[in-house]
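# Summary of the model geometry
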Amino acid sequence: MMTERREEGSGKLFGTNGIRGIPNELLTFGFCSRIGAAIGTFARSQTIAVARDTRLSGDFIGSAVTAGVLSTGKDVVDLGTIPTPALQLYCRNTHRFGIVITASHNPPQFNGIKCIDSDGTELRSTDESAIEDLYHRSDFLKSHWSSVGKITRDDGQVGRYIENIKSLVDTERIRSRHYRVVIDTGNGAAFRSSPELLTELGCRVVSLNSNPDGLFTSRNAEPRPENLSELMLVMKSGGFDLGVAHDGDADRAVFIDESGKFVEGENTLALIIKYMASEGDRIVTPVSSSDVIEEICRGKSLRLIKTKVGAPIVARTMMEEKASLGGEENGGVIIGDNQYCRDGGMTLAKVLDIMAMTEKPLSALIGELPRYILLKKSMETEGRPWSELKKKLLSAFPDNRRDETDGLKIFFEDGWSLIRPSGTESVVRVYVNSKNEKAALILQSMVLNALKP
Ligand code: MG
């Protein structure tokens, strides 16, 4: 689980996905208001958009951050409880800086503060460092009493978000199919947007856990198979074409096919690339992505660019390379025509678009993809530094081809393994990819053995 190792008063505050912590522990009123003041000082737009997910502490953290922003003389537009990608769309379209109060898929006691640049993308780490610097130096703009910021509210963003998604798919064709869809929003931020989107796409919709509930009483906010047993059970009844689940802030979407089977995120991305990319397009994924993506790209003469792990890095690289599609293996898909960020609602509409275009059920579409096994495991490092672990790996596999884009990726005859230290916990993540399940398990145990003290 997350550790609260970022301390007030020194060093780094932003992790790979903004600042995360527990309210009244790391995220005290003082901390949040001062971060708000640092963001207000840093942001180049006069108005800053603020949104939140459904967490119980959203009002507290959001208000404290907002107060800090207002103290600098910047204004706040409060967009309410909406998915992170809906805020990102707002920022891109209005050229306003944004702040989202979310801890994505983390347990309910956590919350977070994540900054969105005025082009709608997640903030560069150099800009996060600039905010940290302002924070540590208490170097805040302090407005005269007569010009402190004001709050306005805007409840229209969910509607605009849905319209934008509809404009990027063949709405009429999807509507003509009358799909039966089960949506599990997991008590999270898409409680309104995704059921409405599906209704507007002509689907017969059954909603699970679409009551906004910051305790996430219905299920864990991480959309992994072990947390989606209800959704899979409903899908197994045989009455539906598609099941979909989001994480807490709905930048991701994962799917269950019409037979009740979980679709791995790398296969969703592979499917979208297969049907939506055109020859010569550029595709961006992190080095942790399954070779199913590589094989699809090779077959369609697409150029695949691999980055370090992390959606913000993938999104930035896509922007720089003018890539059409990208994403991660956890259900985070980035569609360049839409916006350079993960977008759960957009991913859902694209999957329906492909089903409508091909007139095939999801199980058949996934069954036609090349089959790869991607295993993921975390191993406790017990305080051992990455340099020591890396040395052990290099001595265990001295002659293997390797890649050091992120951590250490070691290639074997029948697959590869990526070993990388976590940014937030004292663990290393071990990924293994192979066409063959038995080979994948053997590779995994070889690598785990090599890491042993
Ligand atoms: Mg998320």
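Everything here concerns the structure above.
Described in the following lines is the structure provided in the data block. (Residues numbered from 1 in each chain as written. Predicted model: local features only at pLDDT ≥ 70, side-chain atom pairs only at ≥ 80, totals over all residues. Heavy atoms only, no water.)

Between helix α7 (residues 193-200) and helix α12 (residues 344-358), the least distance of the axes is 10 Å, while the angle of their chain directions is 25°. Looking at the two axes, α7 sits roughly parallel to α12. Of the two possible hands of crossing, α7 and α12 adopt the one that is right-handed. Every residue of α12 that contacts α7 at S194, L197 and L198 is listed here: G345, L348 and L352. A class-by-class count of the residues in the contact of α7 with α12 yields four nonpolar, two polar and no charged. (Axes fitted to C-alpha atoms, helices over the stretch in contact; angles between N-to-C directions. Helix = DSSP H or I, 4+ residues; strand = E, 2+ residues; numbered from the N terminus. Parallel < 35°, antiparallel > 145°, perpendicular 65-115°, else oblique. Left-handed = near helix turned anticlockwise from the far one by under 90°. Contact = heavy atoms within 4.5 Å. Nonpolar A, V, L, I, M, F, W, Y, C, P; charged D, E, K, R; others polar.)

In spatial order, the strands read β1-β5-β4-β2-β3-β6; together these six strands make up an open sheet with mixed pairing. Each edge of the open sheet carries a strand with a single partner, namely β1 (19-21) and β6 (151-153). The average angle at which neighbouring strand axes cross in this sheet is 20°, direction not considered. Across the sheet, helix α2 (residues 58-71) is in contact with β2 (47-52), β3 (75-81), β4 (97-101), β5 (111-116) and β6; its angle to β4 comes to roughly 150°. (Pairing = 2+ DSSP bridges.)

The terminal C-alpha atoms of α2, which comprises 14 residues, lie 20 Å apart, in line with the 20 Å expected from a rise of 1.5 Å per residue. The inward-facing, buried residues of α2 contact α1 (29-42), β2, β3, β4, β5 and β6. Count one or two residues on from α2 and you reach G73, which has phi positive near 95°. (Expected span 1.5 Å × (residues − 1).)

Under the criterion given, the structure shown has 34 salt bridges. In this structure, R180 and D241 form a salt bridge, with 3.1 Å as the shortest nitrogen-oxygen distance. Placement of the pair is R180 in strand β7 (residues 180-184) and D241 in the loop between α8 (229-236) and β9 (242-246), with a sequence separation of 61 residues. Judged by its relative accessible area of 29%, R180 falls in the partly exposed class. Notably, a salt bridge pairs E321 with R282, separated by 2.9 Å at the nearest N-O pair. Residue E321 is found in helix α11 (residues 311-321), and its partner R282 is found in strand β12 (residues 282-286); the two are separated by 39 residues along the sequence. Classification of R282 as partly exposed rests on a relative accessible area of 31%. Residues joined by salt bridges that share partners form a network here, namely R52, D59, D78 and R153. (Salt bridge = Lys/Arg side-chain N within 4 Å of Asp/Glu carboxyl O. Buried < 20%, exposed > 50% of the residue type's maximum accessible area, 1.4 Å probe, protein only.)

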